[in-house]
Amino acid sequence: MTLRAANPPLAVAFMLTATAFIAGTMVAAKSLGTDTLGPPLHPLQISHGRFLFAFMVIASVAVVLRPKIAQPNLGLHIGRTLFGWGGVTLMFAAVAFIPLSDATAISFLNPIFGMLLAIPLLGERVGPWRWFAAFMALLGALILLRPGPESFQLAGLLALGAAVTMGMELIFIKKLANREPALQILLINNAIGLCIATLAVLPVWTMPTPAQWGALAALGILMASAQTCFVNAMARADASFITPFSYVTLIFATFYDLLIFDVWPDWVSILGAVTILSGASLLAWRERRARPQIKREALD
């Protein structure tokens, strides 16, 4: 993805819109995974709906724009999509049992796990500040899991597994970065994801209610819209500048949980979320400071 003319205010607007849409997808997933709209759907069926309707939206855009598909690296696309599908499926399973704010906060461990996985897989070196950021974020996750015989959130492990899986997805995203046009990446990602999700859902598929069909469609449309906004945000500002604004997802998720499901975050949720966000923000700050240094070294 090539960087367009820098426009930080517009990039922030795109990213904030993306966060509202992403939190909306989690609301839809929670409604589908509980008995809010009918008998709960299996997480595999929810993720299938996400890819089905998202692909329909992006394919419609592609029909209008007619992008030229230029030498896609199918191996990287398959790896990225496989881990992305696994991550969202685990996250959709988690939000049916734990507050949206907790699941969203745990999802912010993605860059932490991406950083840790980059050490053996990409040969990247990690300094003490990044290790400290990882420790803070993981401590926040431990707080949210509420370790104790009466309060332990077993479903929190699903969200943690989602964060690890999507951290692996980041490795493939790094390998794909700047190689292919954004629309091509979105189109191929959702096409492969639909194939994987369709095969996986066959053993558990049941007929959704009309309300559930509407929620599945909303889930896919919101996800496609979020991806589009995210890509446009990243195209108009450096990742180190714009990424921290994605944490606003937590605010939207908490608000939606309160408004729709009447779930209030307790002090443990707030403490865990603040700890994770502190670690993730520290990591983003270090990434922003390290980038100019890397550029200077490349010019020397």
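Below or above, wherever it landed, is the structure these notes cover. (Residues numbered from 1 in each chain as written. Predicted model: local features only at pLDDT ≥ 70, side-chain atom pairs only at ≥ 80, totals over all residues. Heavy atoms only, no water.)

A short note on the environment of Leu 139
Its location among the elements puts Leu 139 in helix H6 (residues 128–145). Sequence-wise, Leu 139 and Lys 175 are 36 residues apart; in three dimensions their C-alpha atoms are separated by 29 Å. (Helix = DSSP H or I, 4+ residues; strand = E, 2+ residues; numbered from the N terminus.)

Some remarks on helix H11 (residues 249–261)
In a regular helix each residue adds 1.5 Å, so 13 residues correspond to 18 Å; H11 covers 17 Å between its end C-alpha atoms and thus fits that length. Within H11 the residues assigned to the buried category are Thr 249, Leu 250, Ala 253, Tyr 256, Asp 257 and Phe 261. Angular distribution of buried residues about the axis of H11 spans 130°; they occupy a single face of the element. Projecting away from the buried face of H11 at angles above 90 degrees are the exposed residues Ile 251 and Leu 259. Of the residues one or two after H11, Asp 262 is the one with positive phi, at around 55°. (Expected span 1.5 Å × (residues − 1). Buried < 20%, exposed > 50% of the residue type's maximum accessible area, 1.4 Å probe, protein only. Arc of directions from axis to C-beta.)

Points about the side chain of Ser 246
Its place among the elements puts Ser 246 in the loop between helix H10 (239–242) and H11. Residues in contact with Ser 246, not counting those within four places in the same chain, are Met 15, Thr 19 and Phe 108. (Contact = heavy atoms within 4.5 Å.)

Let's talk about the environment of Leu 258
Here Leu 258 shows up in helix H11. Residue classification places Leu 258 among the partly exposed positions, given a relative accessible area of 29%. Between the C-alpha atom of Leu 258 and that of Ala 70, which follows or precedes it by 188 residues, the distance is 45 Å. When near neighbours in sequence (up to four residues on either side) are disregarded, Leu 258 contacts Val 263 and Trp 264.

Focus on a nonpolar patch on the surface
The grouping of Trp 129, Phe 132, Phe 135, Leu 139, Leu 142 and Trp 285 at the surface amounts to a nonpolar patch, some 630 Å² of accessible area in total. Tracing the backbone through its elements, the reader meets Phe 132 in helix H6. (Patch = residues over 30% accessible without salt bridge, like charges linked within 9 Å, V, L, I, M, F, W, Y side chains within 5 Å. Areas by Shrake-Rupley, 256 points an atom, 1.4 Å probe, with all protein chains shown as cover. Salt bridge = Lys/Arg side-chain N within 4 Å of Asp/Glu carboxyl O.)

Things to note about the nonpolar core
Soluble globular proteins: nonpolar side chains tend toward being buried together. Core analysis: the biggest nonpolar cluster contains 61 residues, and Leu 32, Ile 46, Met 91, Val 95, Leu 100, Leu 109 and Ile 276 have the highest contact counts within it. Apart from residues lying up to four places away in sequence, Met 91 is in contact with Met 26, Ala 103, Ser 107, Ala 159, Ala 162 and Met 166. Formed by 8 residues, the second largest nonpolar core is a distinct cluster that contains Ala 54, Ile 58, Ala 59 and Leu 187. (Core = buried A, V, L, I, M, F, W, Y, C linked by side-chain atoms within 4.5 Å.)

Quick look at the packing of helix H3 (residues 74–95) against helix H8 (residues 182–201)
Between H3 and H8, the least distance of the axes is 9 Å, while the angle of their chain directions is 55°. It follows from the interaxial angle that H3 and H8 lie oblique. In terms of crossing hand, the pair formed by H3 and H8 is right-handed. Between H3 and H8, the residues in contact are His 77, Ile 78, Arg 80, Thr 81, Leu 82 and Trp 85 and Ile 185, Ile 188, Asn 189, Ile 192, Gly 193, Ile 196, Ala 197 and Ala 200, respectively. Partitioning the contact of H3 with H8 into residue classes produces 9 nonpolar, 4 polar and 1 charged. (Axes fitted to C-alpha atoms, helices over the stretch in contact; angles between N-to-C directions. Parallel < 35°, antiparallel > 145°, perpendicular 65-115°, else oblique. Left-handed = near helix turned anticlockwise from the far one by under 90°. Nonpolar A, V, L, I, M, F, W, Y, C, P; charged D, E, K, R; others polar.)

Here we look at the pattern of salt bridges
All chains considered together, the criterion is met by 2 salt bridges. We note a salt bridge from Asp 257 to Lys 30, for which the minimum N-O separation is 3.3 Å. Of this pair, Asp 257 sits in helix H11 while Lys 30 sits in helix H1 (residues 8–33); the two residues are 227 residues apart in sequence, bridging distant segments of the chain.

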